[in-house]
Amino acid sequence: MLKLADPNLLRDSLFIDGAWVKPPKCGTFAVQNPANGQQLAALPLAGRDQARAAVDAAARAFPDWAARPARERSQLLRRWHGLVLENVDDLARILTAEQGKPLSEARGEILYGAAFFEWFAEEAKRVYGETIPAPNADQRLLVIRQPIGVCAAITPWNFPMAMIPRKAAPALAAGCTMVLKPASATPLSALALAELASRAGIPAGVFNVVPGGAKTVGDELVTNSSVRKLTFTGSTEVGRELMAKASTNIKKVSLELGGNAPLLVFDDAHLETAVAGAMASKFRNMGQTCVCANRIYAQDGIYDRFVEALSAAVSKLKVGDGFEDQVQQGPLIDEAAVQKTLEHLQDAVRLGGKVLTGGSRHSLGGTFFEPTVISGATAEMLVAREETFGPLAPIFRFSSEAEAIRLANDTEYGLAAYFFTRDNGRVWRLGSALEFGVIGINTGVTSYEGAPFGGLKASGIGREGSHLGIDEFLEVKYLCVADIARPAA
Ligand code: ADP
């Protein structure tokens, strides 16, 4: 069993209208530790009825929550933030247990996620309006911004402790209420956050968590007419389906979807910086992030040195249970993730790629996989077109800057890109030429709650974080006040 300083953070119920519920007729589903298959909890499998109940609770809670002064909402978000920090060790254990990532990464994720509560607690007080000079003397024109209403959030399993605050914090700051369907692989993180929301004093119905099936709970949230906004992080394939469904009642949507990030290493790059950046970007969370470098391109003059240095660094990565000391790579989330990585690996080898380190499942068994580097990658390979979402680093070769830009942009995706160069002019040229929403220059890590995160093209719609993040949860209303010249009778 998972040992926690505060066992009450491990919840096995749904959180609806401020209460923990276990509907009698629901079946259950098991949450397992991917490192060893151990069952961590059996949760009620919510269905449409529970999703509807949660939406109804959120709709009832909305008017009061929206009407509170921003300062009050801000204070409650701050308390939530404080409680997450106080409980970071327990939360990290829950996250590592259900997701697999090393404990140190889990802590990092929780601190990053918590920062969104703090950031948006501040932004809550800065939802400014506007006045517009009127075309007629007896008019005054104003713009006010108001919370959109009940929001549905559907989140993935790779960063539950970060993706949930990234959505819940701006929504609640704006005055919206929320129903969250977390990924079925990682619902315990979501429920622990709900427990802390409740302790922070977030009122009943403002934040609800309903783990359950995509086709039942997910579908209800996306089609329910009381839900005014959908915020989703997940694959492009599912995002496309959800956007189509949300169009039935013209919901506002924010979509953070797949990526196929290029990472470009130019001849003039600082080698150690480029290797460190590639390691951080490619192997964080065992390669299971939407901003992971998926395609690594090195220029002719640095190619051999870069390939050698990267392989050496990758071969030293320690693989194991995320709870063990010094482990840097945990298990993949499930067997399907292993199969996809294997498929990309085998396809690359068949088309002439050379395995330099790794190259198969790990001897630890289960869903452990050897961190792998392949040289000689080419545009025909699956790894060039599809997101691997696993610990496989394919290295391609390029000759000129123009070719690098063309190759990098040759994808339907547009989430993150990285490049390494010491040439100042090139920094600015690529900064505008690369068609990606987030660009790391001489770094593999760009995450910061104060900066806008989001993709271009098939990678999504909308931005999370920064002062822009709260806009996704606000409506703009224009008030045209006329006839002001006439004195009241
Ligand atoms: P991943 O499983 O790789 O995180 P998905 O896009 O498959 O990415 O899933 C992301 C989230 O979307 C999960 O919470 C999943 O349960 C949910 N989901 C998947 N398919 C649907 C669907 N058809 N309707 C609603 N939610 C869905």
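Just so you know, the residues in each chain are numbered from 1, in the order the chain's sequence is written. This being a predicted model, a pLDDT of at least 70 is required before a residue's local features are given, and a value of 80 or more before pairs of side-chain atoms are given or counted; all residues contribute to the totals for chains, interfaces and linings. Side-chain metrics rest on all non-hydrogen atoms present in the structure, leaving aside hydrogens and water.

Draft legend 1. Focus on the layout of surface pockets. Here a cavity denotes a set of grid points, spaced 1 Å apart and computed over the protein atoms alone, in which a 1.4 Å probe fits but from which it cannot get out, and a pocket denotes an open set meeting protein on both sides within 12 Å along at least five of seven lines; residues with an atom within 4 Å of a point are reported as lining. Grid points are joined across faces, edges and corners, and a volume is the space filled by probe spheres set on the points. Empty space within the second largest pocket amounts to approximately 190 Å³. Considering the residues around the second largest pocket, the lining is formed by Met1, Leu2, Lys3, Asn33, Asn36, Gln38, Gln39, Leu40, Arg93, Ala97, Asp321 and Phe323. Elements that contribute at least two residues to the lining of the second largest pocket include exactly β4 (39-44) and α3 (88-99). Only Asp, Glu, Lys and Arg are considered charged in this grouping, and only Ala, Val, Leu, Ile, Met, Phe, Trp, Tyr, Cys and Pro are considered nonpolar; every other residue, Gly among them, is considered polar. By residue class, the composition of the lining of the second largest pocket is five nonpolar, four polar and three charged. Strands here mean DSSP runs of E at least two residues long; helices mean DSSP runs of H or I at least four residues long; both are numbered from the N terminus.

Draft legend 2. Region of the structure containing the environment of Ala194. Positionally, Ala194 belongs in helix α6 (residues 187-200). Throughout this description, buried means an accessible area under 20% of the type-specific maximum (1.4 Å probe, protein chains only), exposed means over 50%, and partly exposed covers the range between. Accessibility expressed as a relative area gives 0% for Ala194, which makes it buried. Considered as a pair, Ala194 and Leu14 are 180 residues apart in the sequence and their alpha carbons are 9.6 Å apart. Once residues within four sequence positions are removed from consideration, Ala194 is found in contact with Phe15, Trp20, Phe207 and Val209. It only takes one pair of heavy atoms within 4.5 Å for two residues to be counted as in contact.

Draft legend 3. Highlighting the pairing of strand β6 (residues 140-147). Note: strand β5 (residues 130-132) against β6, three bridges, orientation antiparallel. Considered in β6, the bridge of Ile132 is made with Leu141. In short, DSSP must find at least two bridges between two strands for them to pair.

Draft legend 4. Structural view of the site of the ligand. For the ligand, the set of nearby residues contains 17 residues, the closest of which are Thr155, Lys181, Phe232, Ser235 and Glu241. In this structure, Trp157 approaches the ligand through a side-chain N or O atom, which is 3.3 Å from an oxygen atom. Pairs of N or O atoms are called polar contacts if they sit within 3.5 Å, as long as, within protein, a hydrogen donor faces a hydrogen acceptor (for residues adjacent in sequence, only side-chain-to-side-chain pairs). Here an oxygen atom of the ligand sits 2.8 Å away from a polar atom, N or O, in the side chain of Ser235. The method behind every accessible area is Shrake-Rupley, applied with a 1.4 Å probe, and residues are considered shielded solely by the protein chains displayed. Considering the ligand on its own, with 550 Å² of exposed area, one finds that the protein chains cover 80% of that surface. Those elements giving two or more residues to the shell around the ligand turn out to be α7 (214-223), β10 (227-233) and α8 (236-246). Its residues placed into classes, the shell around the ligand shows nine nonpolar, five polar and three charged. One heavy atom suffices: a residue is near a molecule or strand as soon as one of its heavy atoms comes within 4 Å of it.

Draft legend 5. Quick peek at the sheet that holds strand β13 (residues 293-299). Taken in spatial order, the seven strands of this open sheet run β14-β15-β16-β13-β12-β18-β19, and their pairing is mixed. Each edge of the open sheet carries a strand with a single partner, namely β14 (354-357) and β19 (438-441). Sheet twist, expressed as the average angle between the axes of neighbouring strands with direction ignored, equals 25 degrees. Note that strand β15 (residues 372-375) and strand β16 (residues 392-398) share three bridges and pair parallel. When the sheet's bridge partners are listed, Val373 is paired in β16 with Ala393. What counts as an axis is a line fitted to C-alpha atoms, over the stretch in contact for a helix, and the angles between N-to-C directions run from 0 to 180 degrees.

Draft legend 6. Local environment of unusual backbone geometry. Despite not being glycine, Asn442 shows a phi value in the positive range, around 60 degrees. Assignment of secondary structure puts Asn442 in the loop between β19 and β20 (456-457).

Draft legend 7. Spatial organisation of the sheet that holds β6. Spatially, β5-β6-β22 is the arrangement adopted by the three strands of the open sheet, whose pairing is antiparallel. Looking at strand neighbours, the two that pair on one side only are β5 and β22 (474-481), the edges of this open sheet. Averaged over all pairs of adjacent strands, the angle between their axes in this sheet comes to 25 degrees, without regard to strand direction.

Draft legend 8. A look at the pattern of salt bridges. Within this document, salt bridges are pairs made up of a side-chain nitrogen of Lys or Arg and a carboxyl oxygen of Asp or Glu, the two lying within 4 Å of each other. Tallied over the entire structure, the rule returns 35 salt bridges. As a salt-bridge pair, Asp89 and Arg107 come within 2.2 Å of each other at their nearest N and O atoms. Taken together, the residues span a long stretch of sequence, with Asp89 in helix α3 and Arg107 in helix α4 (residues 103-123) at a distance of 18 residues. Classification of Asp89 by relative accessible area gives partly exposed; the value is 46%. Residue class for Arg107 comes out partly exposed when judged on its relative accessible area of 33%. Across the salt bridge formed by Asp219 and Lys245, the nearest N and O atoms sit 2.5 Å from each other. Here the residue Asp219 occupies a position in helix α7, and Lys245 occupies one in helix α8, the gap between them amounting to 26 residues.

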